[in-house]
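# Fold and contact review
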Amino acid sequence: MEKTVEDPPTSAVLLDHCHFSQVIFNSVEKFYIPEVDVTCHYTFTQPFIPRRKDWIGIFRVGWKTTHEYYTFMWVNLPIDLNNESAKQQEVQFKAYYLPKDDEYYQFCYVDQDGVVRGASIPFQFRPENEEDILVVTTQGEVEEIQQHNKELCKENQELKDSCVSLQKQNSDMQAELQKKQEELETLRSINKKLERKLKEQDDYWETELLQLKEQNQKMSSENKKMEIRVDQLQAQLSTQEKEMEKLVQGDQEKTEQLEHLKKENDHLFLSLTEQRKDQKKLEQTVEEMKQNETTAMKKQQELMDENFDLLRRLSENKTICNVLQREKERSEGENDVSQESSSPSPLSIKKCPICKADGICDHILEQQQMQALCLNCPICGKTFPTREKQIFEDHVFCHSL
């Protein structure tokens, strides 16, 4: 088999799906001599366009797929297909790579998709006979051979017509196959999606199964705990049943006590009714006392307000009295001093302690105004600004507590 850089493109397409009429092989011999290079002549038909990976292979007659080639050669791409001479091409197979047996072979043109586009008539590789054989036939045999040739030509024409019909059917089948292949690809894509979803679903169910197994183990553990708990409760129930019997016996005694208590309760209910009547009277009395207390509190508040007002007035009067007393003492002191010094003026002259001026000055007037703006506690003598009147009243009230 011929050694090449890479293997030719092949496919598993069967003979029924091949187009044998797009490339025609010319001058194909019935047999070729071994150990001699073989030249293959072929012609492209009008609708066919060759491509770079097309190749011509030698196949043994009876082949099924393009994988079964014996040897091959890459085709030569023509420069201009519109030229008639460019459509006729040839390749040469080296004698070293040719078959050595006397089986029937044929040339096949295969495109780069692995589809056969043309096939030659069968041929053999065998040497020529050394002796020529002379065949003598009679006129009758010649006429019979000619008649047989006519029948063969007619049969050949019918086969050609059948071939054209088969090629048309083949084209239709090829289009249908392409459509089916597209549908198959779509189904494969859908199948892959379904397999992916199925795998995801399997993973999900496996996770759910593991979780259920874990929950089952937990439930089994809890079930055992519950069985132990049931045994404990049954033991407690038997104990409580015994206690219940004791309680039933005690209940009879308590029933008798209850009858006695009911009688006492009736007696107490009568007493309670009388007490409620007395309580209502007391509540009325308390309500009257609360009203009286409220009235008294209001009067007390009014008296306290009057007391504060009186205390404030008393404080003001005491302040004025103190001021007048100090003025009187100062005047008497000044009179004594003036009498001792034999002053000719009969009136007392008051000097300002700041500016030393005789009589009433601005400093004395300002001091008198400041004293008038202050509140002095009549008890402890503490001074409050007039804006803190409430604090002054609370302070004076505290002395009365």
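Report follows, based on the coordinates. Please read these numbers as outputs of a predicted model, since none were measured by experiment.

About the cut-offs
- Residues numbered from 1 in each chain as written.
- Predicted model: local features only at pLDDT ≥ 70, side-chain atom pairs only at ≥ 80, totals over all residues.
- Heavy atoms only, no water.
- Helix = DSSP H or I, 4+ residues; strand = E, 2+ residues; numbered from the N terminus.
- Buried < 20%, exposed > 50% of the residue type's maximum accessible area, 1.4 Å probe, protein only.
- Contact = heavy atoms within 4.5 Å.
- Polar contact = N/O pair within 3.5 Å; in protein donor to acceptor, adjacent residues only side chain to side chain.
- Pairing = 2+ DSSP bridges.

Let us now look at the overall build of the chain. Across its full length, the chain holds four helices and 11 strands. Looking at the 401 residues of the chain, the share that counts as buried comes to 20%. When contacts within the chain are restricted to residue pairs at least 6 apart in sequence, those whose partners lie at least 24 apart make up 62%.

Time to look at the side chain of Asp-111. Tracing the chain through its elements places Asp-111 in the loop between β7 (105-110) and β8 (116-119). Side-chain polar atoms of Asp-111 contact the backbone nitrogen of Asp-113, separated by 3.1 Å. Those residues within four positions of Asp-111 in sequence are excluded, and the remaining contacts are Pro-9, Arg-51, Lys-53, Asp-54, Trp-55 and Arg-117.

This paragraph deals with unusual backbone geometry. Non-glycine residue Ser-27 carries a positive phi angle of around 55°. Within the secondary structure, Ser-27 is located in the loop between β1 (23-26) and β2 (31-32). Judged by its relative accessible area of 57%, Ser-27 is exposed. One non-glycine residue, Glu-35, adopts positive backbone phi at about 60°. Within the secondary structure layout, Glu-35 lies in the loop between β2 and β3 (38-44).

In terms of burial, strand β4 (residues 55-60) is largely enclosed, as five of its six residues are buried. Inspection of the sheet shows β4 paired to strand β5 (residues 69-74) by five bridges, in the antiparallel sense. Bridge pairing links Gly-57 to Phe-72 in β5. Relative to β7, β4 runs antiparallel, the two being bridged by six bridges. Of the residues in β7, the one forming a bridge with Ile-56 is Tyr-109.

The quantities given are spatial measurements derived from coordinates; they are silent on function.
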